[in-house]
Structures are given as C-alpha cells and as structure tokens.
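Here is what each chain is made of, one letter per residue.
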Amino acid sequence: MHSDHTTSTPGARDSRRAFIRTAAGIIQANMRAGRIPEDGFLLLASVLALVPTLYMVVTALKSDEEYAIDKLGFPKAPVLENFRSVLVDSPFLHWMLNSAVLVAGSVILSTAISVLGAYAIATMRFRGRGTLLAVSTSLMAVPPVVMIVPLFVLYTRLGMVSTYSGAIVIYA
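Quick look at the structure, then. (Residues numbered from 1 in each chain as written. Predicted model: local features only at pLDDT ≥ 70, side-chain atom pairs only at ≥ 80, totals over all residues. Heavy atoms only, no water.)

## A few points about the overall build of the protein
1) Next: A tally of helices and strands in the protein yields 9 helices and 0 strands.
2) Next: Counting from the amino terminus, the protein carries its helices and strands in the arrangement α-α-α-α-α-α-α-α-α.
3) Next: The burial tally for the protein puts 9% of its 172 residues in the buried class.
4) Next: Excluding contacts between residues fewer than 6 apart, the proportion of contacts in the protein whose partners are at least 24 apart in sequence is 23%.
5) Next: Element-wise, carbon and sulfur atoms account for 73% of the exposed surface of the protein, whose accessible area totals about 13,900 Å². (Helix = DSSP H or I, 4+ residues; strand = E, 2+ residues; numbered from the N terminus. Buried < 20%, exposed > 50% of the residue type's maximum accessible area, 1.4 Å probe, protein only. Contact = heavy atoms within 4.5 Å. Areas by Shrake-Rupley, 256 points an atom, 1.4 Å probe, with all protein chains shown as cover.)

Printed below as a string of structure tokens:
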C-alpha cells in the first residue's frame, strides 16, 4: 500500500503544508502569554457551570439508600431505576410535550410578529415611525413582573387562564 506522500502531487503537498503552517500559526496566536489569564478564567467558569450537571447525573445513578449515606460521592453501584421511574412511572414525557408545544408556539408567534414589525420599521417610511421605534425599544426596559396583575385580570376576563393559547401569547 502506498503512503499519501508518495502518491500525492507536488501541488497537493504544497497546499497541505500551507494548511498546516496556517493552522499552526492560528494555534500559536491563540496560545500567546497574554491570553493565559483570560483562558484560565474561561476554563474555570466552564468547569463551575458544569459541576451542577455532573452532580445531577451522579445523583441520578445512586439508589435512595446510597444517596442517604453519601450525597456528594460517586455511586459505588450505578442504578438505572431512577431513570425508569421518571420516564415510566411519572408523566414526565407529557410534561416535556407540554414544554415543546409552548416553546414552539411562542417562538413561531414572536418571530412572526417581530419579523413583520422589523420589516415595516426598517423599510417603510410613515408618520410616527421614529416614535413607534422609540416606544417599542423603551418597553424593553419595563420589567415583566410589573405586568403580572393587569395581564391576569385581562386573561381572566378573556378566559385564557390555564390554556395553551394564553401561555403562548404571554411567552411570545
């Protein structure tokens, strides 16, 4: 069997060498000493962000008895019964479906409204365009908690409390 360097053309070898030189240059530029504290901080932040996920997975693999004895350690004998219990004995999959319906509906509705509004503000010239843009931008500063009571009253009057459509409109 022939090796790559004996069967490749001189042009292919040159382009491969150029690619390797370019890749090495990029790696060296990213590894300069000035970035070590920055990269170290990002690595530490990443590890800290992953610790809760690791704890959740390790805990899920423990039996109730083992968890009662050692809350932080790794399982001595991993158990998959907890996963079966969640997926089979509880309505977890139904809850996931509810979440998927709400997310999909909210994303579709908010994207459609945002695209139409952005297109109108960006391309059409009409009286009050600047005011509309200023008001819509200013409303982003209003905390959503301020709207809870008025929205609950409105939703109660419209019969939209505890409905998919009500939740989708709220999240959109």
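## Re the packing of aromatic side chains
1) Next: For the structure on display, the rule yields 0 aromatic pairs.
2) Next: For the cation-ring pair, Lys-71 lies above Tyr-67, with the distance from its terminal atom to the ring centre recorded as 4.8 Å. (Phe/Tyr/Trp six-rings, centres within 6.5 Å; stacked < 30°, edge-to-face > 60°. Lys NZ or Arg CZ within 6 Å of the ring centre and 35° of its normal.)

## Some remarks on unusual backbone geometry
One can expect most non-glycine residues to show negative phi and most peptide bonds to be in trans.
1) Next: The residue Ser-162 is not glycine, and still its phi comes out positive at about 60°.
2) Next: Here Ser-162 shows up in the loop between helix H8 (148–158) and helix H9 (164–171).

## Describing the pattern of salt bridges
1) Next: On inspection of all chains with the given rule, the structure shows 2 salt bridges.
2) Next: Salt-bridge contacts for Glu-81 lead to Arg-84; the nearest nitrogen and oxygen are separated by 2.8 Å. Of this pair, Glu-81 and Arg-84 are both found in helix H5 (residues 81–88), 3 residues apart, which corresponds to roughly one turn of the helix.
3) Next: The exposure class assigned to Glu-81 is partly exposed, which follows from its relative accessible area of 40%.
4) Next: On the accessibility criterion, Arg-84 (37% relative accessible area) is partly exposed. (Salt bridge = Lys/Arg side-chain N within 4 Å of Asp/Glu carboxyl O.)

## Here we look at helix H3 (residues 36–60)
1) Next: Spanning 25 residues, H3 covers 36 Å between terminal C-alpha atoms, matching the ideal 36 Å at 1.5 Å per step.
2) Next: The largest bend in H3 comes to about 30°, at Val-51, with the proline Pro-52 one to four residues further on. (Expected span 1.5 Å × (residues − 1). Bend = angle between axes of the 7 residues up to and from the residue.)

## Considerations on a nonpolar patch on the surface
1) Next: Together, Val-135, Leu-139, Val-142, Val-145, Val-146, Met-147, Ile-148, Val-149, Phe-152, Val-153 and Val-161 make up a nonpolar patch on the protein surface, roughly 970 Å² of accessible area in all.
2) Next: Per-element tally for the nonpolar patch: the top contributor is H8, with 4 residues.
3) Next: Mapped onto the secondary structure, Val-149 falls in helix H8.
4) Next: Judged by its relative accessible area of 58%, Val-149 falls in the exposed class. (Patch = residues over 30% accessible without salt bridge, like charges linked within 9 Å, V, L, I, M, F, W, Y side chains within 5 Å.)

## Considerations on the side chain of Lys-62
1) Next: Among the secondary structure elements, Lys-62 is positioned in the loop between H3 and helix H4 (64–69).
2) Next: A polar contact is formed between the side chain of Lys-62 and the backbone oxygen of Lys-71, at a distance of 3.3 Å.
3) Next: When neighbours within four sequence positions are excluded, Lys-62 is seen to be in contact with Tyr-67, Asp-70, Lys-71, Leu-72, Gly-73, Phe-74, Pro-75, Val-79 and Asn-82. (Polar contact = N/O pair within 3.5 Å; in protein donor to acceptor, adjacent residues only side chain to side chain.)

## Structural notes on the side chain of Glu-66
1) Next: Relative to the helices and strands, Glu-66 is located in helix H4.
2) Next: Excluding its chain neighbours within four sequence positions, the residues that come into contact with Glu-66 are Phe-74, Pro-75, Lys-76 and Ala-77.

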